[in-house]
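Geometric and topological summary
Now for the letters of each chain:
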Amino acid sequence: MNKYTEADYKRMHQGIIEDMVDACISKWHDTECDPLEARVYRNIASTLEHLRDASGAAWAVNIWVSAA
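Residues numbered from 1 in each chain as written. Predicted model: local features only at pLDDT ≥ 70, side-chain atom pairs only at ≥ 80, totals over all residues. Heavy atoms only, no water.

**Section: the overall build of the chain**
Put simply, the rule is: Helix and strand assignments follow DSSP, with helices taken as H or I runs no shorter than four residues and strands as E runs no shorter than two, numbered in order from the N terminus. Partly exposed describes any residue whose relative accessible area lies between the buried limit of under 20% and the exposed limit of over 50%, with all areas from a 1.4 Å probe on protein chains only and scaled to the type maximum. The contact definition used throughout considers only heavy atoms, calling two residues in contact when any of these lie within 4.5 Å. The protein chains shown are the only cover counted for residues, whose accessible areas, like all others here, come from Shrake-Rupley with a 1.4 Å probe.
Helix and strand content of the chain: 3 helices and 0 strands. Starting at the N terminus and ending at the C terminus, the chain contains elements arranged as α-α-α. Within the span of the chain, comprising 68 residues, buried residues form 21% of the whole. In the chain, the share of contacts with a sequence separation of at least 24, taken over all contacts with a separation of at least 6, comes to 59%. When the accessible surface of the chain is summed, it comes to about 5,200 Å², and 57% of that surface belongs to carbon and sulfur atoms.

Right, here's the structure in full:
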């Protein structure tokens, strides 16, 4: 059984959020992406940028995703 620390959780949280932001930014700048879809990706990337900090933001990500 693995024992993870709070620091492990925060690093994982930040890494996953960074990957998600990068993916959204890539879709936003994709020239073949529909303009409406690109706008949605831009807004998602912006929202995720505010949630990079893992101290207290994990619950916000969970609520935000379940509302989507």
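Still more ground to cover, so stick around.
**Let's talk about a negative patch on the surface**
Here is the rule we go by: Within this analysis, patches are made of residues with over 30% relative accessible area and no salt bridge. Like charges are joined at 9 Å or less; nonpolar side chains (Val, Leu, Ile, Met, Phe, Trp, Tyr) at 5 Å or less. What counts as a salt bridge is simple: a side-chain nitrogen of Lys or Arg found within 4 Å of a carboxyl oxygen of Asp or Glu. When charges are counted, Lys and Arg contribute as positive and Asp and Glu as negative, whereas His and the chain ends are disregarded. Here the site of a charge means atom NZ of a Lys, CZ of an Arg, CG of an Asp or CD of a Glu.
Among the surface-exposed residues, Asp30, Glu32, Asp34 and Glu37 lie close enough to one another that they form a single negatively charged patch. The residue Glu37 is located in helix H2 (residues 35–49) in this model.

**Quick look at a nonpolar patch on the surface**
Residues Met12, Ile16 and Met20 make up a contiguous nonpolar surface patch of roughly 270 Å² in combined accessible area. With respect to the helices and strands, Met20 occurs in helix H1 (residues 6–29). Given a relative accessible area of 33%, Met20 falls into the partly exposed group.

**Re the nonpolar core**
Where we set the bar: Among buried residues, the Ala, Val, Leu, Ile, Met, Phe, Trp, Tyr and Cys ones that are joined through side-chain atoms within 4.5 Å form a nonpolar core.
The biggest cluster of nonpolar side chains holds 6 residues, and these are Ile17, Val21, Cys24, Ala45, Leu48 and Leu51. Of all the elements, H1 adds the most residues to this core, at 3 residues.

**Comments concerning H2**
Stated precisely, the cut-off is as follows: Each residue after the first adds 1.5 Å to the expected span of a helix. The arc under discussion is defined with respect to the helix axis, by the directions toward the C-beta atoms.
If you check H2, its first and last C-alpha atoms are 21 Å apart, about what 15 residues at 1.5 Å a residue would give, namely 21 Å. Of the positions making up H2, those classed as buried are Ala38, Ala45 and Leu48. Axial view of H2: buried residues confined to an arc of 90°, hence all on one face. Among the exposed residues of H2, those pointing more than 90 degrees away from its buried face are Pro35, Leu36 and Arg39.

**Points about the environment of Lys10**
The residue Lys10 is located in helix H1 in this model. By relative accessible area, Lys10 is classed as partly exposed at 33%.

**Here's the deal with the environment of Cys24**
For Cys24, the position within the fold is in helix H1. Looking at Cys24, the relative accessible area reads 9%, which means it is buried. Once the C-alpha coordinates of Cys24 and Ala38 are considered, the two residues, 14 residues apart in sequence, prove to be 8.6 Å apart. With near-sequence residues (within four places) excluded, Cys24 lies in contact with Tyr41, Ile44 and Ala45.

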